[in-house]
Amino acid sequence: MDKFSQVGNQEIAAIEELYSTYLTNPDSLDASWKNFFAGFELARKNYANQTTTAYDPKIDKEFAILNLIHGYRQRGHLFTKTNPVRSRRKYSPTLDIENFGLQKSDLDTVFQAGNNIGIGPASLRKIIEHLEATYCESIGVEYVFMRDPELINWLKVKMESVRNSQHFTPEKQQHIYYHLKLAVGFENFIHKKFVGQKRFSLEGGEALIPALDAVIEHGSELGINEFVIGMAHRGRLNVLANILEKPYEHIFKEFAGGAEYEQEISLGDVKYHLGYENTVETDRGKKVHLNLMPNPSHLETVGPLVQGMARSRIDTRYGGNYDMVAPIVIHGDAAIATQGVVYEVIQMSQLAGYKTGGTIHLVINNQVGFTTNYLDARSSTYCTDVAKVTRSPVFHVNGDDVEAIIFTVKLAMEFRQKFHSDVFIDILCYRKYGHNEGDEPRFTQPLLYKAIESHRNPRDIYADKLAAQGSMTEEKALELNREFDQLLEEKYRISEKIEKVKVRKFLNSEYTAFVNPHKFDIHRQVKTGVKKSELVRIAERINHLPEDKKFFKKIDRIVEDRRMMMLDNRMDWAMAELLAYGTLLEEGFPVRLSGQDSERGTFAHRHASFVVEDTDEKYFPLKNISDQQAAFHVFNSLLSEYGVLGYEYGYSLATPKGLTIWEAQFGDFANVAQVIFDQYISSAYEKWGMMNGLVMYLPHGYEGQGPEHSSARIERFLNLVADNNMQVVVPTTPANMFHLLRRHLHWNIRIPLIIFTPKSLLRHPMVTSSVDELAEGSFQEIIEEVVHHPEEIRKLVFTYGKLYYDLHKRQAEEGITNVALVRVEQLYPLNGEQIKLIIAKYPNVKRIIWAQDEPANMGAWQHVQRFLPDVPFELISRQASASPAGGLMQQHNIRLKKILDGIYTEKVLA
């Protein structure tokens, strides 16, 4: 018995079980099964001898046809006509009726199984015709694996009732042709005018433009007000021009070059990376806002940003209504199949803290990567097999059949709106040229490109179809094409008169209240204190547990300890952090914090939520401060850095007047998200004029815990700083953390804030602050110790982070009075003038030391040398190392002692 027969027998057993259910409780079955078994009973009574127990083989045939129907639903996608330029791979066993125990002699026999596909009793020939039209033409569907009967049945009825197709009126067909005309004509024009320039054209996949138009048109009719779109560079210019309505002349000017930017963007970016936003009007007059996010060449990087921005809109503009905003992510086939961030984003899609109500995934399936054939690019059958992680439906559509694509898009939008689930539409097409227009694809794909060379574009294929149907003459199509080409010529002439390239900043209207970071006095003090009475009031609310809920005993102890802190006027790190959130919430700033274990905190310091005993219910004190407060959210994230950091960056981007925080479990793991740091956090303003105020907590501190639990790689971030692009801060007191967070929102700039947060200092007895320090102080970029006799100081030690407390302890234990310690809390922007003024206070200093826990080739040392080359710093640190830290506690302590000895004896660490 072959494998398929085994599956067939299993399906027959399942059908027999359904039949038994029908006999006892017919109303519990799906309508299609109920109708089938009703017809089956009628057939059984007609065909079977009622006075005998004679066996009728036709009953087995009925079951065999049900098995055949299921085979088409389950495996029909393997036998479709979805590939426009080459033959599909061969799969076996096929859907030939002989594989299901049927023969050609059965083709004209009428079977009740037709009820199961909604066509009533029908001949096997008609049943097969219906199944072929539904599952094996230009649309292939993977959906039976979804498991949920409601979802499967909804799709099954929607598709089988219309044979997976739609009749379009001549007027609608002409509308579809209009968008194909735009897509093809735009690419042809640029290819003619800007010979050899990179544009990563859409040629071969032009059906994406009518597909996106259908997403927007049909989505708006279903209630969507706003779309957030992410895509790589393939086809971006076409989408910008023909979907977001970026003026053609501006795009042409970007090609021509030779002009200055109109706005103050220091470096800019290539034209096919730029973002855009616009409000467009649908055919029915509805206004829809479109956001196409900027994206670097890291192909799938924008995916999590799209989700974060969409969720921000859902939370802040639409009261949590997923029906009002939809994310669209446009993938390439090579990227969606293999880029790990795709998987991370998919895993977010149904999580409470990250869901966005379902994403429309559109795949421009060129069937080739840069030069790599798809057979060498993945192990999975389809590039979209990641969809099975969340049991999302997948449609594979022939990119030359634009009507099939439009039908699929409409079905997908209805599914998304009804079930708030992701949907994948795999548009099988091709790439007319190489990876870019100057690349020669025949070096590596001679057979494929021989087929592509003679293949007509989707516009002309559709024009032939309309002419054959009488919907539009060939002459009319050619006239429309010429008119559009003339329009582009006019836009080109206009572009030649433009003096400056116009680059519209993304979300510009939402950032009008914030100034250019390059022109901001970054060292200006900002008042961030909060009245003592207000701090006490908020603390009382935070330290309150509802009496009608029972909590774990240790929770009662935590809350009581916090109450005592306020009474004793000695707050630890967690209490100051929570008060920072609480005061901002009361001032109307929403707060969102997410990361691995962020509710409790990796080091069990935060406890922003308390679990009610013997339940899954959580109580969030910061959500219960007052009726007027802003929204507070804290989420334990999935075990992801790249995806979650990108998500929170997108969320923060769309929430400039809120505090959005991503927290790494350990700062060391931030390197897994390095693409986001490099391509967005550090450089987005330089490239795209895009501001963002995301805060990142990166736990950092040398505690002898090994190379992956010590260093958040301060040096990497300091290598990225320039022109006030971000802040890099290492606060060492609860009060400074409090004021830092408040300063961040009370500034009138929005730049990312990287905070290297402590570990052991969270509970260090010296790391406390008074309520007065929160009420009256402000953030201190540099903290000086009080020195009564500066003339006696011989060594001046600048340091940062946890090492300060090790130095202070040694100094106190040995009664050393000729060494002064200075904490540099803000490493960037580094306040060099203040450092020089501090040095000037000590006339008799013999040694000016820069002390750091990190090895000499890491930490802040090179950064300090770069920004303060005239200060004669002497470095004392761990010796240069290939690894950021050791893993043996004994060695850790020895190395720490060498640092301390190098400062407090005359020895200098080599």
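Residues numbered from 1 in each chain as written. Predicted model: local features only at pLDDT ≥ 70, side-chain atom pairs only at ≥ 80, totals over all residues. Heavy atoms only, no water.

Caption draft 1: Structural detail: the overall build of the chain. Looking only at helices and strands, one finds 30 helices and 26 strands in the chain. Along the first, second and third principal axes, the C-alpha atoms of the chain reach 110 × 75 × 50 Å. A buried classification covers 60% of the 910 residues belonging to the chain. Of the contacts made within the chain by residues no fewer than 6 positions apart, 79% connect residues no fewer than 24 positions apart. With 105 positive and 117 negative side-chain charges, the chain shows a spacing of 2 Å between the two charge centroids. (Helix = DSSP H or I, 4+ residues; strand = E, 2+ residues; numbered from the N terminus. Buried < 20%, exposed > 50% of the residue type's maximum accessible area, 1.4 Å probe, protein only. Contact = heavy atoms within 4.5 Å. Lys, Arg positive; Asp, Glu negative; His and termini not counted. Charge placed at Lys NZ, Arg CZ, Asp CG, Glu CD.)

Caption draft 2: Summary view of the packing of helix α27 (residues 803-814) against helix α30 (residues 889-904). Contact pair α27 / α30: the axes reach a minimum separation of 11 Å and the direction vectors enclose 60°. Between α27 and α30, the interaxial angle falls into the category oblique. Here α27 runs over α30; the crossing is right-handed. Contact residues: L803, D806, L807, R810 and Q811 in α27; L896, K897, I899, L900, D901, I903 and Y904 in α30. For the contact of α27 with α30, a count of residues per class yields seven nonpolar, one polar and four charged. (Axes fitted to C-alpha atoms, helices over the stretch in contact; angles between N-to-C directions. Parallel < 35°, antiparallel > 145°, perpendicular 65-115°, else oblique. Left-handed = near helix turned anticlockwise from the far one by under 90°. Nonpolar A, V, L, I, M, F, W, Y, C, P; charged D, E, K, R; others polar.)

Caption draft 3: Examining unusual backbone geometry more closely. Residue P93 is bonded to the preceding S92 through a cis peptide linkage, with omega at -5°. The topology assignment puts P93 in the loop between α3 (57-75) and β1 (110-111). Cis rather than trans, the peptide bond between Y828 and P829 has omega equal to -5°. Mapped onto the elements of the fold, P829 is located in the loop between β24 (826-828) and α28 (832-840). Even without being a glycine, L507 presents a positive backbone phi close to 55°. Classification of L507 as buried rests on a relative accessible area of 0%.

Caption draft 4: Geometry of empty space enclosed by the protein. According to the stated counting rule, one finds 13 cavities of 30 Å³ or more in the structure shown. Counted as a void, the largest cavity has a volume near 190 Å³. N83, R89, Y374, R378 and L428 are, among the 14 residues lining the largest cavity, the residues nearest its centre. Its residues assigned to classes, the lining of the largest cavity shows five nonpolar, five polar and four charged. Taken as a whole, the second largest cavity holds about 140 Å³ of empty space. Around the second largest cavity sit 19 residues that line it, and H700, G701, V730, G801 and K802 are the ones nearest its centre. (1 Å grid on protein atoms, 1.4 Å probe; cavity = no way out; pocket = protein on both sides within 12 Å on 5 of 7 lines; lining within 4 Å. Points joined across faces, edges and corners; volume = space filled by probe spheres on them.)

Caption draft 5: Fine view of the environment of I139. Structurally, I139 can be placed in strand β3 (residues 139-142). In this structure, the C-alpha to C-alpha distance between I139 and N398, residues 259 residues apart in sequence, is 6.7 Å. For I139, the residues in contact, after removing those within four places along its chain, are T80, T82, T134, N164, F395, H396, V397, A404, F407 and T408.

Caption draft 6: Broad picture of the side chain of N238. By the element assignment, N238 lies in helix α8 (residues 236-242). Residue classification places N238 among the buried positions, given a relative accessible area of 0%. Among the polar contacts listed, one links the side chain of N238 to the side chain of N242, at a separation of 2.6 Å. (Polar contact = N/O pair within 3.5 Å; in protein donor to acceptor, adjacent residues only side chain to side chain.)

Caption draft 7: Seen up close, the side chain of E277. Topologically, E277 is positioned in strand β6 (residues 276-281). Of the buried charged residues, E277 lacks a salt bridge, with R313 as the closest side chain of opposite charge at 5.4 Å. At 2.7 Å, the side chain of E277 forms a polar contact with the backbone nitrogen of L507. A polar side-chain atom of E277 sits 3.3 Å from the main-chain amide nitrogen of N508. Not counting chain neighbours up to four residues away, the residues in contact with E277 comprise L244, H289, L290, N291, R504, K505, F506, L507 and N508. (Salt bridge = Lys/Arg side-chain N within 4 Å of Asp/Glu carboxyl O.)

Caption draft 8: Local environment of the nonpolar core. Ranked by size, the top nonpolar core spans 110 residues in total, and within it F227 and F395 carry the most contacts. The greatest single-element share of this core, amounting to eleven residues, is contributed by helix α14 (residues 402-419). Those residues in contact with F395 that lie beyond four places of it in its chain are I139, G140, V141, L155, M159, T408, L411, V423, F424, I425 and D426. Ranked by size, the runner-up nonpolar core spans 82 residues in total, among them V306, Y318, L653 and I838. (Core = buried A, V, L, I, M, F, W, Y, C linked by side-chain atoms within 4.5 Å.)

Caption draft 9: Structural view of the environment of G358. Relative to the helices and strands, G358 is located in the loop between α12 (340-348) and β9 (360-365). The exposure class assigned to G358 is buried, which follows from its relative accessible area of 3%. In sequence terms G358 and P758 are 400 residues apart; their C-alpha atoms lie 37 Å from each other.

Caption draft 10: Representation of the layout of surface pockets within the structure. By volume, the second largest pocket amounts to about 380 Å³. Elements supplying a minimum of two residues to the lining of the second largest pocket: β8 (325-332) and α11 (333-338). Tallied by class, the residues present in the lining of the second largest pocket amount to nine nonpolar, eight polar and four charged.

Caption draft 11: Structural context of helix α5 (residues 149-160). In this model α5 runs 16 Å from its N-terminal to its C-terminal C-alpha over twelve residues, within 8% of the 16 Å that 1.5 Å per residue would give. Backbone nitrogen of E150 and a side-chain oxygen of the N-cap are separated by 2.9 Å at the start of α5; the cap is D148. (Expected span 1.5 Å × (residues − 1).)

Caption draft 12: Fine view of the sheet that holds strand β22 (residues 795-799). Within the open sheet, the five strands sit side by side as β21-β23-β22-β25-β26. Their pairing is mixed. Among the strands making up the open sheet, the edge pair consists of β21 (782-784) and β26 (873-878). Strand-to-strand twist across the sheet, computed as the mean angle between neighbouring axes with direction ignored, equals 25°. Along the sheet, α27 makes contact with β22, β23 (819-824) and β25 (847-855), crossing β23 at roughly 165°. The sheet contacts of α30 involve β22, β23, β25 and β26, and relative to β26 the element is tilted by about 160°. (Pairing = 2+ DSSP bridges.)

Caption draft 13: Highlighting the packing of helix α20 (residues 573-586) against helix α25 (residues 734-746). Here α20 crosses α25 at 25°, and the two axes come no closer than 8 Å. Classified by the angle their axes make, α20 and α25 are roughly parallel. As α20 packs across α25, the resulting crossing turns out to be right-handed. Taking contact as the criterion, the partners of W573, A576, L579, A580, Y581, T583 and L584 in α20 are, on α25, P734, M737, F738, L741, R742, L745 and H746. When the residues that make up the contact of α20 with α25 are grouped by side-chain class, the tally is eleven nonpolar, two polar and one charged.

Caption draft 14: The arrangement of the pattern of salt bridges in detail. Following the criterion strictly, the structure yields 46 salt bridges and no others. The residue R125 makes a salt bridge to D108 at a minimum N-O spacing of 3.0 Å. With R125 in helix α4 (residues 124-135) and D108 in the loop between α3 and β1, this pair connects stretches of sequence that are 17 residues apart. Among the salt bridges present, the one from R311 reaches D315, with a minimum N-O distance of 3.0 Å. Of the two residues, R311 and D315 both sit in helix α10 (residues 302-316), four residues apart, roughly one turn of that helix. When its relative accessible area of 24% is taken as the criterion, D315 is described as partly exposed. Beyond isolated ion pairs, a larger network of salt bridges with shared partners links E187, R199, E203 and K432.

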